[in-house]
Amino acid sequence: MTDLIRNTAAETAAAIAAGEVSAVEVAQAHLDRIGAVDEKVHAFLHVDTDGALSAARAVDAKRAAGEELGPLAGVPLALKDVFTTKGVPTTAGSRILEGWVPPYDATLTRRLKDAGVVILGKTNMDEFAMGSSTENSAFGPTGNPWDLSRIPGGSGGGSAAALAAYEAPLAIGTDTGGSIRQPGAVTGTVGVKPTYGTVSRYGLIAFSSSLDQGGPCARTVLDAALLHEAIAGHDPLDSTSIDAPVLPLVAAARQGATGDLTGVRVGVVKEFAGEGYQAGVMQRFNESVEILRGLGATVVEVSCPSFSYALPAYYLIAPSEASSNLARFDAMRYGLRVGDDGTRSAEDVTALTREAGFGPEVKRRIILGTYALSSGYYDAYYGSAQKVRTLITQDFARSFADVDVLVSPTTPTTAFPIGERADDPMAMYLADLCTIPSNLAGNSAMSVPCGLAPEDNLPVGLQIIAPAMADDRLYRVGAAVEAALDNQWGHPLLEEAPAL
Ligand code: GLN
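Rules of the game
Within every chain, residues take consecutive numbers counted from 1 along the sequence as written. pLDDT decides what is reported in this predicted model: residues at 70 or higher carry local features, side-chain atom pairs at 80 or more are listed and counted, and totals for whole chains, interfaces and linings draw on all residues regardless. Excluding hydrogens and water, the side-chain figures rest on all heavy atoms present in the structure. Only DSSP runs of H or I with at least four residues qualify as helices, and only runs of E with at least two residues qualify as strands; both kinds are numbered from the N terminus onward. The reference for a compact globule is 2.2 Å times residues^0.38; the radius of gyration itself is calculated from the C-alpha atoms. Three labels apply to residues, based on accessible area from a 1.4 Å probe with only protein chains included: buried if under 20% of the type maximum, exposed if over 50%, partly exposed otherwise in between. Whether two residues touch is decided by their heavy atoms; if any such pair falls within 4.5 Å, the residues are in contact. Note on areas: Shrake-Rupley with a 1.4 Å probe; residue coverage comes only from the protein chains shown. Only four residue types enter the tally: Lys and Arg on the positive side, Asp and Glu on the negative side, with His and both chain ends excluded. Every charge is mapped to an atom, namely NZ of Lys, CZ of Arg, CG of Asp or CD of Glu. A side-chain nitrogen of Lys or Arg and a carboxyl oxygen of Asp or Glu constitute a salt bridge if their distance falls within 4 Å. The criterion is simple. A nonpolar core is a set of buried Ala, Val, Leu, Ile, Met, Phe, Trp, Tyr and Cys residues joined through side-chain atoms within 4.5 Å. Residues enter patches when their relative accessible area tops 30% and they take part in no salt bridge; the joining distance is 9 Å for like charges and 5 Å for the nonpolar side chains Val, Leu, Ile, Met, Phe, Trp and Tyr. Polar contacts, as counted here, are pairs of nitrogen or oxygen atoms within 3.5 Å of one another; within protein the pair requires one atom able to donate a hydrogen and one able to accept it, and residues that are adjacent in sequence qualify only if both atoms are side-chain atoms. Any residue with at least one heavy atom within 4 Å of a molecule or strand is counted as near it. Residue classes follow a fixed rule: Ala, Val, Leu, Ile, Met, Phe, Trp, Tyr, Cys and Pro count as nonpolar, while Asp, Glu, Lys and Arg count as charged, and any other residue, Gly among them, counts as polar. Under the pairing criterion, centres of Phe, Tyr and Trp rings, with the six-membered ring standing for Trp, must be within 6.5 Å; the plane angle then separates stacked pairs below 30 degrees from edge-to-face pairs above 60, leaving the rest tilted. Think of each axis as a best-fit line through the C-alpha atoms, taken over the contacting stretch in the case of a helix, with angles from 0 to 180 degrees between the N-to-C directions. When describing relative orientation, an angle under 35 degrees is termed roughly parallel and one over 145 degrees roughly antiparallel, while 65 to 115 degrees is termed roughly perpendicular and anything else oblique. Working rule for handedness: look at the near helix, and if it is turned counterclockwise from the far one by less than a right angle, call the crossing left-handed; if clockwise, right-handed.

Visitor: Would you explain the overall build of the protein in this entry?
Guide: The number of helices and strands found in the protein is 18 helices and 11 strands. Relative to its length of 500 residues, the protein is compact, with a C-alpha radius of gyration of 21 Å against a globular reference of 23 Å. Overall, the C-alpha framework of the protein stretches about 70 × 55 × 45 Å when taken along its three principal axes. Taking all 500 residues of the protein together, the buried fraction comes to 60%. Taking the contacts inside the protein whose residues are at least 6 apart along the sequence as the reference set, 76% of them involve residues at least 24 apart. When the accessible area of the protein is evaluated, it comes to approximately 17,900 Å², of which 53% is carbon and sulfur surface. Treating the 37 positive side-chain charges of the protein as one cloud and the 58 negative ones as another, the clouds have centres 3 Å apart.

Visitor: Just to check I follow, could you spell out the pattern of salt bridges for this structure?
Guide: When their charged atoms lie close together, side chains carrying opposite charge are able to pair. Counted under the stated rule, the structure contains 18 salt bridges. Notably, a salt bridge pairs glutamate 355 with lysine 363, separated by 3.7 Å at the nearest N-O pair. Salt-bridge contacts for arginine 365 lead to glutamate 361; the nearest nitrogen and oxygen are separated by 2.8 Å. Highlighted residues: arginine 365 and glutamate 361, both in helix α13 (residues 360-373), separated by 4 residues, approximately one helical turn. Each of the two residues, arginine 365 as well as glutamate 361, counts as buried. It is possible to trace a salt-bridge network through shared partners that takes in Asp105, Arg110, Lys113 and Asp114.

Visitor: When you look at unusual backbone geometry in this model, what are you seeing that I'm missing?
Guide: Among all residues save glycine, negative phi is the norm, and among peptide bonds the norm is trans. A cis amide bond links glycine 154 with the next residue in sequence, serine 155, at an omega value of 10°. Unusually for a residue other than glycine, histidine 42 sits at a positive phi of about 55°. Note that histidine 42 resides in the loop between α3 (23-41) and β1 (44-47). A positive phi angle, close to 75°, is found at alanine 331, a residue other than glycine.

Visitor: Help me out: how do you make sense of the nonpolar core in this one?
Guide: Note on soluble globular proteins: their nonpolar side chains tend to be buried together. Ranked by size, the top nonpolar core spans 109 residues in total, and within it Leu112, Phe128 and Tyr475 carry the most contacts. Beyond its immediate chain neighbours, meaning those up to four positions away, tyrosine 475 contacts Val192, Pro216, Val221, Ala224, Ala225, His228, Leu249, Ala252, Ala253 and Met446. In this structure, Ile34, Leu163, Ala165 and Ile180 belong to the second largest nonpolar core, which totals 33 residues.

Visitor: What should I look at first to understand a nonpolar patch on the surface in this one?
Guide: Among the surface-exposed residues, Tyr371, Tyr377 and Tyr381 lie close enough to one another that they form a single nonpolar patch of about 290 Å² accessible area. Assignment of secondary structure puts tyrosine 377 in the loop between α13 and α14 (379-400).

Visitor: Would you mind going over the side chain of asparagine 439 with me for this structure?
Guide: Counting through the fold element by element, asparagine 439 comes out in helix α16 (residues 436-441). Given the relative accessible area of 2%, asparagine 439 is considered buried. At 3.0 Å, the side chain of asparagine 439 and the backbone oxygen of threonine 176 are in polar contact. Ignoring any residue separated from it by four or fewer positions in sequence, one finds asparagine 439 in contact with Asp175, Thr176, Gly177, Gly178, Arg181, Lys193, Leu211 and Arg389.

Visitor: I'm lost on helix α8 (residues 221-231) in this one. Help?
Guide: Counting along an α-helix, one turn takes 3.6 residues, and residues three or four places apart therefore face a common direction. For α8, the buried fraction is high: 8 of the 11 residues fall into the buried class. Looking only at α8, the buried set comprises Val221, Asp223, Ala224, Ala225, Leu226, Leu227, His228 and Ile231. Two residues or fewer past α8, glycine 233 is found with a positive phi of approximately 125°.

Visitor: So what exactly am I meant to see when it comes to the site of the ligand here?
Guide: Gly177, Ser179, Tyr314, Arg365 and Asp432 are the nearest of the 15 residues found near the ligand. Within the contact set of the ligand, an oxygen atom lies 2.6 Å away from a backbone nitrogen or oxygen of glycine 177. A distance of 3.4 Å separates an oxygen atom of the ligand from a polar side-chain atom of tyrosine 315. For the ligand, whose accessible area on its own is 300 Å², the fraction buried by protein is 100%. Classifying every residue of the shell around the ligand by side-chain character gives 5 nonpolar, 7 polar and 3 charged.

Visitor: Explanation requested: the packing of aromatic side chains in the structure shown.
Guide: This model, assessed by the stated rule, comprises 14 aromatic pairs. Pairing tyrosine 314 with tyrosine 315 gives two aromatic rings, centres 4.8 Å apart and planes at 80°, and the pair type is edge-to-face. Each member of the pair, tyrosine 314 together with tyrosine 315, is buried. With centroids separated by 5.9 Å and ring planes inclined at 25°, the aromatic side chains of tyrosine 377 and tyrosine 381 adopt a geometry described as stacked. Members of the aromatic cluster, each reached through a chain of ring pairs, are Trp100, Phe128, Phe329, Tyr334 and Phe358.

Visitor: How should the side chain of aspartate 105 be read in this particular structure?
Guide: If you trace the backbone, aspartate 105 turns up in the loop between β2 (76-80) and α5 (107-114). Owing to a relative accessible area of 10%, aspartate 105 belongs among the buried residues under this scheme. Engagement of the side chain of aspartate 105 in a polar contact is seen with the backbone nitrogen of lysine 86, the distance being 2.7 Å. One polar contact links aspartate 105 to lysine 113, side chain to side chain, over a distance of 2.8 Å. Setting aside its immediate chain neighbours within four residues, aspartate 105 contacts Thr84, Thr85, Lys86, Arg110, Lys113 and Tyr202.

Visitor: Please explain α5 as it appears in this structure.
Guide: Within the sequence span of α5, burial applies to Thr107, Leu108, Thr109 and Leu112. The secondary structure elements touched by the buried residues of α5 are β2, β3 (118-123), β4 (170-174) and α8. Immediately beyond the C-terminal end of α5, within one or two residues, lies glycine 116, with a positive phi of roughly 80°.

Visitor: Where do I start with the packing of helix α11 (residues 310-325) against α14 in this structure?
Guide: For any two helices packed against each other, one specifies the crossing angle of their axes together with the interaxial distance. Put simply, α11 and α14 touch, their axes get as near as 9 Å, and they point 125° apart. Classified by the angle their axes make, α11 and α14 are oblique. Between α11 and α14 lies a crossing of left-handed hand. Two secondary-structure elements touch here, α11 through Ala310, Ala313, Leu316, Ile317, Ser320 and Glu321 and α14 through Tyr381, Tyr382, Ala385, Gln386, Val388, Arg389 and Ile392. Grouping the constituent residues of the contact of α11 with α14 by class yields 9 nonpolar, 2 polar and 2 charged.

Structure representation (structure tokens):
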């Protein structure tokens, strides 16, 4: 039974296809694991036992009928509660959506179902994906399986914690400013932000539409590649979806796993170091750079001066778009409705519902965004932020003229204690210092585990950044680092289910 939950997605799919184990047995093993540990971890907001078992039965029936199974058929997955699921509650971590049951599937949800992936349930997240710790969820925090008193990152802390706690071998996150990569880093798992426009946003509850991007979370690079290929591809229902073939990501991961990076040019981003970066994080990062060199890559230092302005630019652009996107929660169409006693105007009911239904961080962002977009301030704030966005894109373009990928720590520190930054938004925002530039520019990036920080024995993530539409490079380099670390440190991250 333990093997069923320890196996990688690739191993599980192969075992199901070979008839060594049934999809139902695999699903049940994960549901049992969730039953045993999720009271402590709180990775899930909703476990869909019936849906999972019936999807697993369908895979087993397909196999029995001799039909061909896709590469992830029967593999369980934890889905961030920001993608709509037909008939299954979807809250985006907010009270304002409590009780809402979507009448349709997001394109990503549909693709997972079509691939025979078994969706176990919906994972906890910061409300509307605003946060870096999952403490902003209206439904209580998630614990980091490495140390339950610490945060699992955010906003997709539930998805990352589900992987680290062996509740699911695959998960889905969304990355607007780092919400896939930062949780990946602090839980010792792999997370990828695909190129903007390559994974459909149809049915993804919008936070900041020009930045939001769904992507894969897994315990290994190969598993992330398999999941990435299953969810990517053009979608006419998303107006920003790119009409281009899906890149050969699985092939790139397999190539990388051979450990040869001859000819790959790596740039170390100079600006992502110094004050605020934990010593043990930098130590593991520097060792990873040496590993890359040892595998045949050439390593140079690269300067991206505009990256220092990424955080302030993001905190104008993202709240501006959020203030507009969240206007749809008006008490009339979805979920919560407060004060509708027949005496109040629709406007008053909307105001009372938004007052009761949104948490403090969401309100902070709506106010900030409304202010930044208001007449008289629009050019000074929103307009300037957009110019910074262009400068950041230019920094990337200049760098990628000389190197194939950039690298940095994913996040300046390891997982911090729950509560430590809860009352200090600025300290919280700093967790995304290294991840935000890629959202502003729209390119692709991965976080891959690179060991434990010596001072606290908590996971550290290596960020690999590639140009837009070159996501395959992430998988080649990420798989090479993963393979090399396996040899050097025995990769406790992937072998030991944290004791819970
Ligand atoms: N932590 C960042 C924020 O709060 C990023 C969130 C995300 O990527 N969804 O906006």
